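What follows is each chain in one-letter form.
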Amino acid sequence: MSRTGYTLPVFAVAAAKAAFMHLGANIESHLRVEIDLLPGKAEISVLQVAMLEPESALAITLSDPGDNLDLTRNTPIWAWVRLSQRQSQALILEAGEGLGKTISGEAAIYSYARRLFDANLLPLIPPDQTATVSIILPEGRQLAQRTSNEAFGIVEGLALLGTSGISQPLSAADHLEELRLQLQAKVKDSPDLVFCIGSNGMQVAQRLGIPESAIVQTGNWIGAMLVEAGLTHANSVLLLGYQGKLIKLAGGIFNVSSHLADAKLEIIGAAVIAAGGDLEAVRTVLDAKTADAAHQKLMEFGVAESVFEILADKISYKATAYVQKYANVALKVGTVLFNRKGDIISQDSQAKELLRKQA
């Protein structure tokens, strides 16, 4: 079985908690701290912890994402904690070297990570003191160059993001088997399935009121899961996903991991030509840093709606043909595409029909 790990925010919080505890008790340099994962608990190893001044301490953890293909594996995370007289806030979070910042200069510490800090540190802070925590990622700037962070407005390093403390090994083959078993269980009671690609897909599905009993998570293995749906006699599958992932199917790419293939801008560019767009629009798409940026540019050209209608139709067509080829089954497929904000930007006619069934 593959081994799960923890996301980057968990190790940042563990380092901060260890440093804070060291200020009060001079605990041993090599230790484990318990972290509330919201929900669940985890014990995280701390590599080193040291007092710097009477009211200041530094602790270091090493990232362990489990059996994931994750560039942050063994990345050191430092937390520098300073205590002072109570200010307006009990806990102040700062971006040290290697932790990214937004374009407005705020630390790239997002909702789940902030809730982790609050849950694990606020109960420890005396009422007359404020704890200022600086998170430092010595390798953060270098690693960020291998991500698309800058395209999403995160500069100078990595971000503390994610919606869970558990790092699931989505790239491990045995996790695909787990997903297949979940599909086999659900299709018995809900033959009209909704495939959610990623946590964003889950959030959009919940907002649309789709019952949990119909929702199937796919990881990156959309092709394998479509074939499984066909083999288990599903009536239909509604594909619900971020457009930058899902449009890969329009180019015949059915494992959407960026480690394997990524031609999303080229696929959008081909759809621009199919929609009657000009070469300037195609060049703009190919020069874009993200699929969302390409969509925004096409809106300015006035062709985004027609381009993404073509893409949604082609995804459904290619998915249906894929299942026919590998399972010899005629499976009805519809497609809903949304952007990074979760706003739906296109859906084909079959998707509209399938959504009505789920209402």
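Each remark here, short or long, concerns the structure printed above.
Rules used throughout
Residues numbered from 1 in each chain as written. Predicted model: local features only at pLDDT ≥ 70, side-chain atom pairs only at ≥ 80, totals over all residues. Heavy atoms only, no water. Core = buried A, V, L, I, M, F, W, Y, C linked by side-chain atoms within 4.5 Å. Buried < 20%, exposed > 50% of the residue type's maximum accessible area, 1.4 Å probe, protein only. Helix = DSSP H or I, 4+ residues; strand = E, 2+ residues; numbered from the N terminus. Contact = heavy atoms within 4.5 Å. Phe/Tyr/Trp six-rings, centres within 6.5 Å; stacked < 30°, edge-to-face > 60°. Lys NZ or Arg CZ within 6 Å of the ring centre and 35° of its normal. Axes fitted to C-alpha atoms, helices over the stretch in contact; angles between N-to-C directions. Parallel < 35°, antiparallel > 145°, perpendicular 65-115°, else oblique. Left-handed = near helix turned anticlockwise from the far one by under 90°. Nonpolar A, V, L, I, M, F, W, Y, C, P; charged D, E, K, R; others polar. Salt bridge = Lys/Arg side-chain N within 4 Å of Asp/Glu carboxyl O. Polar contact = N/O pair within 3.5 Å; in protein donor to acceptor, adjacent residues only side chain to side chain. Pairing = 2+ DSSP bridges.

Visitor: What is the right way to read the nonpolar core from this model?
Guide: One broad trend across soluble globular proteins is that nonpolar side chains are buried collectively. In terms of nonpolar packing, the biggest core is built from 65 residues, with Phe 195, Leu 226, Leu 239, Ile 268, Leu 298 and Leu 311 touching the most fellow members. The leading source of residues in this core is helix α11 (residues 304-327), at 9 residues. In this structure Leu 311 touches Ile 247, Ala 250, Ile 267, Ile 268, Ala 271 and Leu 337, once residues within four positions along its chain are discounted.

Visitor: What exactly am I supposed to notice about the packing of aromatic side chains here?
Guide: The geometry of an aromatic ring pair comes down to the distance between the two centres and the angle between the two planes. Applying the stated criterion to the full structure yields 3 aromatic pairs. Aromatic side chains Phe 254 and Tyr 322 sit 3.9 Å apart centroid to centroid with 20° between the ring planes, which places their arrangement in the stacked category. Remark: Tyr 322 occurs in helix α11 and Phe 254 occurs in the loop between α7 (243-246) and α8 (264-274); sequence separation between them is 68 residues. Of the residues examined, Tyr 322 reaches a relative accessible area of 22% and is grouped as partly exposed. The aromatic ring of Trp 80 is capped on one face by Arg 82, whose charged end is 4.0 Å from the ring centroid. The residue whose ring lies beneath Arg 340 is Tyr 242, and the NZ or CZ to ring-centre distance is 4.1 Å.

Visitor: Looking at this structure, I do not really get the packing of α8 against helix α10 (residues 291-301). What am I missing?
Guide: When two helices pack together, their arrangement is given by the angle between their axes and by how far apart the axes lie. One can describe the packing of α8 onto α10 by two numbers: an axis separation of 10 Å at closest approach and a directional angle of 20°. Between α8 and α10, the angle is such that the two are roughly parallel. With respect to the hand of their crossing, α8 and α10 are arranged in right-handed fashion. Packed against α8, whose contacting residues are Lys 264, Leu 265, Ile 268 and Val 272, the element α10 presents Ala 291, Ala 294 and Leu 298 at the interface. Tallied by class, residues from the contact of α8 with α10 come to 6 nonpolar, no polar and 1 charged.

Visitor: When you look at the environment of Gly 223 in this model, what are you seeing that I'm missing?
Guide: Mapped onto the elements, Gly 223 comes out in helix α6 (residues 222-231). Classification of Gly 223 as buried rests on a relative accessible area of 0%. Note: C-alpha distance between Gly 223 and Asn 255 (32 residues apart in sequence) is 6.3 Å. Leaving out residues up to four positions away in the same chain, Gly 223 has contacts with Phe 254 and Tyr 322.

Visitor: What am I meant to see in the environment of Val 204 here?
Guide: Along the chain, the position of Val 204 falls in helix α5 (residues 198-207). A relative accessible area of 2% places Val 204 in the buried class. The spatial distance from the C-alpha of Val 204 to the C-alpha of Ile 344 is 8.7 Å, given a sequence separation of 140 residues. Not counting the four nearest positions on each side in its chain, Val 204 is found in contact with Leu 240, Phe 338 and Gly 342.

Visitor: When you look at the packing of helix α1 (residues 8-25) against helix α2 (residues 111-121) in this model, what are you seeing that I'm missing?
Guide: One can describe the packing of α1 onto α2 by two numbers: an axis separation of 10 Å at closest approach and a directional angle of 30°. Between α1 and α2, the crossing angle belongs to the class labelled roughly parallel. The handedness of the crossing between α1 and α2 is right-handed. Facing α1, whose interface residues are Pro 9, Val 10, Ala 12, Val 13, Ala 16 and Lys 17, α2 presents Ala 113, Leu 116, Phe 117, Asn 120 and Leu 121.

Visitor: I would appreciate a short explanation of unusual backbone geometry in the present structure.
Guide: Note on backbone geometry: most residues besides glycine have negative phi, and most peptide bonds are trans. That bond from Leu 38 to Pro 39 is cis: its omega, 5°, falls within 30 degrees of zero. Within the element layout of this structure, Pro 39 appears in the loop between β2 (31-36) and β3 (41-46). With phi around 65°, Asn 74 is a residue other than glycine that occupies positive phi space. Along the chain, the position of Asn 74 falls in the loop between β5 (56-62) and β6 (76-85). If you check the backbone angles, Glu 156 has positive phi at about 70° while not being a glycine.

Visitor: Looking at this structure, I do not really get the side chain of Gln 243. What am I missing?
Guide: By the secondary structure assignment, Gln 243 is in helix α7. Residues in contact with Gln 243, not counting those within four places in the same chain, are Ile 268, Ala 291, Asp 292, His 295, Phe 308, Leu 337, Phe 338 and Ile 345.

Visitor: In this structure, what is going on with the pattern of salt bridges? I would like to understand it.
Guide: Should the charged atoms of two oppositely charged side chains come close, the side chains can pair. Per the stated rule, a full pass over the model turns up 11 salt bridges. A salt bridge links Asp 192 to Lys 357; the nearest nitrogen and oxygen atoms lie 3.8 Å apart. Note that Asp 192 is positioned in strand β12 (residues 192-197) and Lys 357 in helix α12 (residues 349-358), a separation of 165 residues in sequence. Overlapping salt bridges bring together Glu 97, Lys 101, Arg 141 and Glu 156 as one network.

Visitor: Before we go on, may I ask you to explain the environment of Gln 129 in this structure?
Guide: Among the secondary structure elements, Gln 129 is positioned in strand β9 (residues 129-136). Between the C-alpha atom of Gln 129 and that of Gln 87, which follows or precedes it by 42 residues, the distance is 7.4 Å. Beyond its immediate stretch of four places on either side in the chain, Gln 129 contacts Glu 55, Leu 83, Ser 84, Gln 85, Arg 86 and Ala 90.

Visitor: Would you mind showing me how to read the side chain of Lys 264 here?
Guide: Residue placement: Lys 264 occurs in helix α8. Within polar-contact distance, the side chain of Lys 264 engages the side chain of Asp 262 at 2.7 Å. With near-sequence residues (within four places) excluded, Lys 264 lies in contact with Gly 244, Ile 247 and Ala 291.

Visitor: Help me understand the sheet that holds strand β13 (residues 215-217) in this model?
Guide: Pairing between sheet strands relies on hydrogen bonds along the backbone, with the strands arranged either parallel or antiparallel. Read across the sheet, 5 strands follow the order β13-β12-β14-β15-β16 without closing on themselves; strand pairing throughout is mixed. Where the open sheet ends on each side, the last strands, each with one partner, are β13 and β16 (344-347). Taken over all neighbouring pairs, the strand axes of this sheet differ in orientation by 25° on average, direction set aside. When β12 meets β13, the two strands line up parallel, connected through 3 bridges. Paired with Phe 195 across the bridge in β13 is Val 216.

Any functional reading would require information beyond the geometric quantities listed.
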